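Reading the structure
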Amino acid sequence: MTILDKVTALLGEGAVLETGTDRVPRIAPGSPDAVALLLGTAHQEGWRVRIEGAGTWLPSDAPADLALTTRRLDRVPAIEPSDLMATAEAGIGLDQLRQQLADRGAWLAIDPPGLAGRTLGSVVATATAGPLRHGFGPIKDHLLGVTFVTGDGRMVQSGGRVMKNVAGYDLTRLQAGGFGAFGVIVLVHLRLRTLPRADVTYLLEGTREELTQVGEDIAGAGLTPAALELVSPALARRERWVLGVRLAGSPALVAADETGLGAATGGGRFAALRAEEAHAFWMRLAEGFAVRPVTFRIGGVPATSDELLDLLQHQLGDEWISASPAAGAIRWTGDTSIDRLQRLRRTLAGMEVPMTLERAPWPVRGAVGHFGAYREGVGPLVSGLRRTFDPGGALVVATEGS
Amino acid sequence: MSPHLARDLAAIVGARHVREARAERITYAMDGLPTHRRVPDLVVLPGTREELIAVVRLLAAHNVPFVPRGAGTGLSGGALADAGSVLVVLTRLNRIIEIDHANRRATVEPGVVNAKLSAAVKPHGLQYAPDPSSQSACTIGGNVAENAGGPHCLKYGVTVNHILALELLLADGSLVDIGSRGGEPWGPDLVGLFVGSEGNFGIATRITVRLTPLPRAVRTLLADFNSVRTAGEAVSAIIAAGIVPAALEMMDQSCVCAVEDSVYAAGYPRDAAAILLAEIDGGNADAVVAETEVVTELLRKSGARSVRSAASEAERERLWQGRKKAFGAMGRLSRDLVVQDAVVPRSALPHVLETIGGIAQRYGLVVSNVFHAGDGNLHPNISFDATDPGLKERVEAASAEIMSTCIAAGGTITGEHGVGIDKVRYMPLIFDAESLGAMQAVRRVFDPYERVNPGKVVPIHACREWSRVRRSAESAYATRHTPHVTVAAP
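Cut-offs used in this document
Residues numbered from 1 in each chain as written. Chains lettered and ligands numbered in written order. Predicted model: local features only at pLDDT ≥ 70, side-chain atom pairs only at ≥ 80, totals over all residues. Helix = DSSP H or I, 4+ residues; strand = E, 2+ residues; numbered from the N terminus. Rg over C-alpha atoms; globule rule 2.2 N^0.38 Å. Contact = placed C-beta atoms within 7 Å. Pairing = 2+ DSSP bridges. Axes fitted to C-alpha atoms, helices over the stretch in contact; angles between N-to-C directions. Parallel < 35°, antiparallel > 145°, perpendicular 65-115°, else oblique. Left-handed = near helix turned anticlockwise from the far one by under 90°. Nonpolar A, V, L, I, M, F, W, Y, C, P; charged D, E, K, R; others polar. Buried ≥ 20, exposed ≤ 12 C-beta atoms within 10 Å, placed from the backbone. pLDDT = per-residue confidence, 0-100. Expected span 1.5 Å × (residues − 1). Core = buried A, V, L, I, M, F, W, Y, C linked by C-beta atoms within 7 Å.

1. As for the overall build of chain B
- Scanning chain B from terminus to terminus reveals 17 helices and 20 strands.
- On C-alpha atoms alone, chain B measures out to a radius of gyration of 23 Å, which is about the 23 Å that the 2.2 N^0.38 rule sets for 490 residues.
- With respect to the principal axes defined by its C-alpha atoms, chain B has extents near 65 × 55 × 45 Å.
- Taking contacts inside chain B between residues at least 6 apart in sequence as the whole, the part at least 24 apart equals 72%.

2. Considering the sheet that holds strand 3 (residues 66-69) of chain B
Residue and element names in this part refer to chain B.
- Here we have four strands laid out as an open sheet, ordered 1-2-4-3, and mixed in their pairing. Edge positions in the open sheet fall to strand 1 (18-19) and strand 3, since each of these has one partner strand only.
- Examined bridge by bridge, strand 1 and strand 2 (residues 42-44) share two bridges and lie antiparallel to one another. Pairing of Arg19 across the sheet is with Val43, part of strand 2.

3. Description of the packing of helix 1 (residues 5-13) of chain B against helix 3 (residues 49-61) of chain B
Residues and elements named next belong to chain B.
- Orientation of helix 1 relative to helix 3, taken along the N-to-C sense of each, is 160°, at an axis distance of 9 Å. With respect to their mutual orientation, helix 1 and helix 3 come out roughly antiparallel. For the pair helix 1 and helix 3, the crossing hand works out as right-handed. In this structure, helix 1 contributes Asp8, Leu9, Ile12 and Val13 to the contact, and helix 3 contributes Glu51, Ala54, Val55 and Leu58.
- In terms of residue class, the contact of helix 1 with helix 3 is made up of six nonpolar, no polar and two charged.

4. Section: unusual backbone geometry
All names here are of chain B.
- Phi at Arg104 takes a positive value of approximately 55°, unusual for a residue other than glycine.
- By the secondary structure assignment, Arg104 is in the loop between strand 5 (96-100) and strand 6 (105-108).
- Residues other than glycine seldom take positive phi values, yet Asn147 does so here, at roughly 55°.
- With respect to the helices and strands, Asn147 occurs in the loop between helix 5 (140-146) and helix 6 (153-156).
- A count of 27 C-beta atoms within 10 Å places Asn147 in the buried class.

5. Looking at the interface of chain A and chain B
- With 72 residues of chain A at the contact, the number on the chain B side is 82 residues.
- Among the secondary structure elements, those contributing two or more residues to the side of chain A that touches chain B are strand 9 (155-159), helix 6 (171-175), helix 9 (251-264), strand 16 (294-299) and helix 14 (378-389) of chain A.
- A per-class count over the side of chain A that touches chain B returns 33 nonpolar, 24 polar and 15 charged.

6. A closer look at the environment of Ser262 of chain B
All names here are of chain B.
- For Ser262, the position within the fold is in the loop between helix 9 (253-260) and strand 14 (274-282).
- Judged by the 17 C-beta atoms lying within 10 Å of it, Ser262 falls in the partly exposed class.
- Along the chain, Ser262 and Pro389 lie 127 residues apart, while their C-alpha atoms are 28 Å from each other.
- In contact with Ser262, other than residues within four places in its own chain, are Ala329 and Arg332.

7. Re the sheet that holds strand 9 of chain A
Residue and element names in this part refer to chain A.
- Sheet architecture is open: five strands sit in the order 5-6-10-8-9, paired in antiparallel fashion. Strand pairing shows two members of the sheet lacking a second neighbour, strand 5 (78-80) and strand 9, which therefore form its edges. Going from strand to strand, the sheet's axes swing by 15° on average, the running direction of each strand aside.
- Here strand 8 (residues 143-149) pairs with strand 10 (residues 184-191) via six bridges, running antiparallel. Pairing of Val149 across the sheet is with Val184, part of strand 10.

8. Let's talk about the confidence of the model for chain B
All names here are of chain B.
- Averaged over chain B, the pLDDT score is 93; the fraction of residues at 70 or greater is 95%.
- Contacts from residues 480-490, a stretch scored under 50 in pLDDT, to residues over four places away or in other chains number 27 contacts.
- Across the assembled chains, the prediction reports ipTM 0.97 with pTM 0.95.

9. Some points on helix 11 (residues 313-324) of chain B
Residues and elements named next belong to chain B.
- Compared with an ideal rise of 1.5 Å per residue, which puts twelve residues at 16 Å, helix 11 spans 16 Å between its outermost C-alpha atoms and is within 8% of the ideal.
- Within the sequence span of helix 11, burial applies to Leu319, Trp320, Gly322, Arg323 and Lys324.
- Tucked into the core, helix 11 has its buried residues touching strand 12 (217-225), strand 13 (247-252), helix 9, strand 14, helix 12 (326-329) and strand 18 (366-372).

10. Remarks on the nonpolar core
- Membership of the largest hydrophobic core comes to 294 residues, with the highest contact counts inside it found for Val49 and Val188 of chain A together with Val44, Val55, Ala223, Ile275 and Leu276 of chain B.
- A total of eight residues in this core trace back to one element, the largest contributor, which is helix 3 of chain B.
- Non-local contacts of Val188 of chain A, meaning those with residues more than four positions away in its chain, are made with Ala88, Ala90, Leu120, Val124, Leu143 and Val146 of chain A.

11. Comments concerning the packing of helix 11 (residues 305-316) of chain A against helix 12 (residues 338-350) of chain A
All names here are of chain A.
- Direction vectors running N to C along helix 11 and helix 12 enclose 150°, while the axes themselves pass 11 Å from each other. When the axis of helix 11 is compared with that of helix 12, the two are roughly antiparallel. In terms of crossing hand, the pair formed by helix 11 and helix 12 is right-handed. Counting all contacts with helix 11, which are made through Leu311, Gln315 and Leu316, the residues of helix 12 involved are Arg340, Arg343, Leu344 and Thr347.
- Residues belonging to the contact of helix 11 with helix 12 are distributed by class as follows: three nonpolar, two polar and two charged.

Right, here's the structure in full:
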């Protein structure tokens with residue numbers, strides 16, 4: 001029996017999707033239990049499995065015996081606007097989820113890079129936060145709990161559905177940004193916010209130095225933007241660097257911050273975008289990171305943002321960059337080589353700045369790794385955790401690189 | 001336990017920092033929860049990081065279990081040591097190592113008291129936001145172990161949202177740095193995994209925290225209600241309006257009266273069935289004023305009898321002192337107090353509070369509620385006399401029913417106090433055997449022989465065995481560098 005025959009017998013024909021160009025069978029289990037059944041079998045049979053969502057973020061090119069896609073796990077079992085909580089399966093597209101939440105007056109305050117249909121599971125597994133990280137924190141801060149399936153087919157719950165929870169170890173945070181190395185996320189409990197009644201975006205163009213200063217003035221004025229993002233000319237498709245300021249919240253808060261923005265920055269310098277223009281600006285920014293072959297993020301302290309931007313420019317070229325200087329987070333996308341990435345990671349390590357490779361073709365991921373070499377003592381812990389959650393090594397994830 | 005252990009520990013930390021006499025050890029027999037009592041065999045108080053490392057390596061060499069402890073203000077029996085274990089008290093490791101005000105970071109030792117850190121960074125216009133009610137005594141190390149919360153966590157987040165990097169001392173005495181000052185992890189988020197692990201993964205010897213700007217404007221409102229249900233509905237109305245107050249705290253009449261009878265009297269109306277303390281703060285004074293007006297209006301529309309705004313900083317502090325010292329004030333009601341901790345969906349608050357009232361009545365107990373209403377984080381407090389064995393049994397039974405009620409409402413058994421030993425028995429009510437087994441297996445990655453804080457958090461009997469995992473964890477342990485055991489001079 002071929003793998004395909006066995007999987008068809010196990011999950012039915014409906015779970016088998018069209019095989020991709022690399023001839024790896026693509027399997028779409030229809031429920032978390034089916035994911036557990038598939039991975040349990042893969043573990044027993046010694047199959048190597050790559051994890052996919054909608055296939056719009058990481059290239060579907062990791063060498064494997066089969067591809068497990070979460071795209072049929074697209075239900076939203078619960079939306080509780082009064083409790084600001086929702087439960088969604090990992091394969092739902094963020095665009096669909098956003099719409100369902102908005103219909104109930106609720107908002108998931110994340111704007112990850114990538115195409116609109118990117119799956120929730122992909123965003124959680126890669127912890128790819130966007131500009132809203134400035135006001136609402138990283139992806140992990142939006143998670144109340146997850147259910148995941150280990151590489152040997154065990155279903156594990158972590159966290160819960162309430163706003164605060166310290167019952168048991170926080171395996172949710174291990175899964176957020178684990179790139180699937182510790183299991184396949186199948187269900188996510190989300191912390192929501194009330195859909196902002198006011199949501200405005202202002203843009204300012206200028207040199208990087210000017211805009212950095214303006215950003216510091218805004219922070220110094222005590223304003224609380226939802227996003228404060230510095231965008232390179234190539235990514236913004238403008239002549240110069242752009243500072244995007246998004247104010248979102250209650251009308252009272254946003255009106256007061258709009259007044260404060262004018263006062264802090266000399267008044268009238270920013271251009272206010274219409275709602276559809278603002279949507280297009282932030283969407284273009286997000287989609288820009290899914291177009292070029294390689295995307296990574298680095299995280300330093302706020303005071304080093306300028307130095308880090310200079311370093312990227314020097315070692316890789318300006319390309320497409322977006323930064324939340326106050327959060328110390330920078331994302332770069334472009335075309336570069338394994339050598340350059342490894343050299344950059346070494347330089348950054350010397351500055352105590354981690355670099356996480358978010359997406360790249362398999363040869364690059366395999367060589368560079370999402371995380372690269374660990375610090376002393378961390379490697380055995382991560383290896384132990386990987387063996388815990390994937391004892392047979394079924395899940396193909398390039399964490400460390402070769 | 002080897003009779004030479006105390007002598008060897010004394011060689012590291014000095015004889016006066018090793019407690020052998022029973023009278024001294026009894027001091028450490030309890031934490032803030034009066035229902036559990038364990039007298040440790042030995043207590044050691046290292047005074048420096050180097051001493052602590054030497055102590056843990058010595059304990060590893062002798063294969064002796066140990067329990068890290070901060071100020072002992074915990075409320076789950078998490079820092080109690082069984083016979084056969086050594087209690088490692090970290091309160092002497094109380095240095096603030098660095099304050100980097102430009103980047104809003106501070107690095108501290110685990111024994112630094114929460115409120116002292118905030119006081120130290122205040123001149124820079126900064127604060128350490130998590131503010132448990134015990135903040136004048138509890139330590140940052142303990143906060144990390146428990147993932148402590150506090151009233152202002154509604155807006156600012158709990159401890160895990162403020163921890164950037166840690167230096168860990170594992171059970172085998174090895175040191176590991178996790179996290180980074182920028183907040184982006186080196187690899188998977190081990191900091192997030194460690195915070196809230198209740199000491200089971202090791203000791204955080206250096207803690208780098210995120211600081212936040214002190215708000216430039218603060219408005220504190222006191223609203224009182226004729227019923228707990230109406231107060232709960234007011235909370236929902238504020239959240240539904242898209243406003244996130246810095247704090248949204250509720251107290252019921254029993255609690256209000258206890259406070260008003262105490263030295264912490266804050267001017268709360270005794271005849272109210274419930275009061276709400278709502279605080280709105282921010283960096284933009286105009287925004288704070290505007291949102292305060294909206295919240296005031298929502299409170300009135302939701303049925304508040306009156307809404308009063310603190311007219312001065314002194315009045316604000318008095319209102320908060322009443323709230324933060326409420327647990328102490330309840331000491332007037334009886335000899336002992338069980339401070340419970342559970343979380344329910346916010347919308348379930350009125351129903352759950354009414355059910356808890358019914359449980360108290362059935363068991364003939366006084367239950368006072370003071371809690372973080374904005375998060376749905378309840379603290380039903382049961383006043384009783386622990387010397388009365390019959391009463392203690394009723395308290396235990398009532399506590400179990402309260403937990404079941406919260407779980408049935410879609411909630412969980414602890415929001416900020418931790419599992420410790422007190423709630424181990426409830427863990428199988430919210431996690432299946434597979435999930436508990438996974439937690440146990442993760443613990444063994446950090447501590448293969450389960451020597452740090454044994455018997456806490458995960459009920460071993462309820463776990464599904466991850467035997468393959470155990471073997472691989474032990475193999476990882478065997479390949480890890482075996483620490484060189486050295487005994488530092490005192």
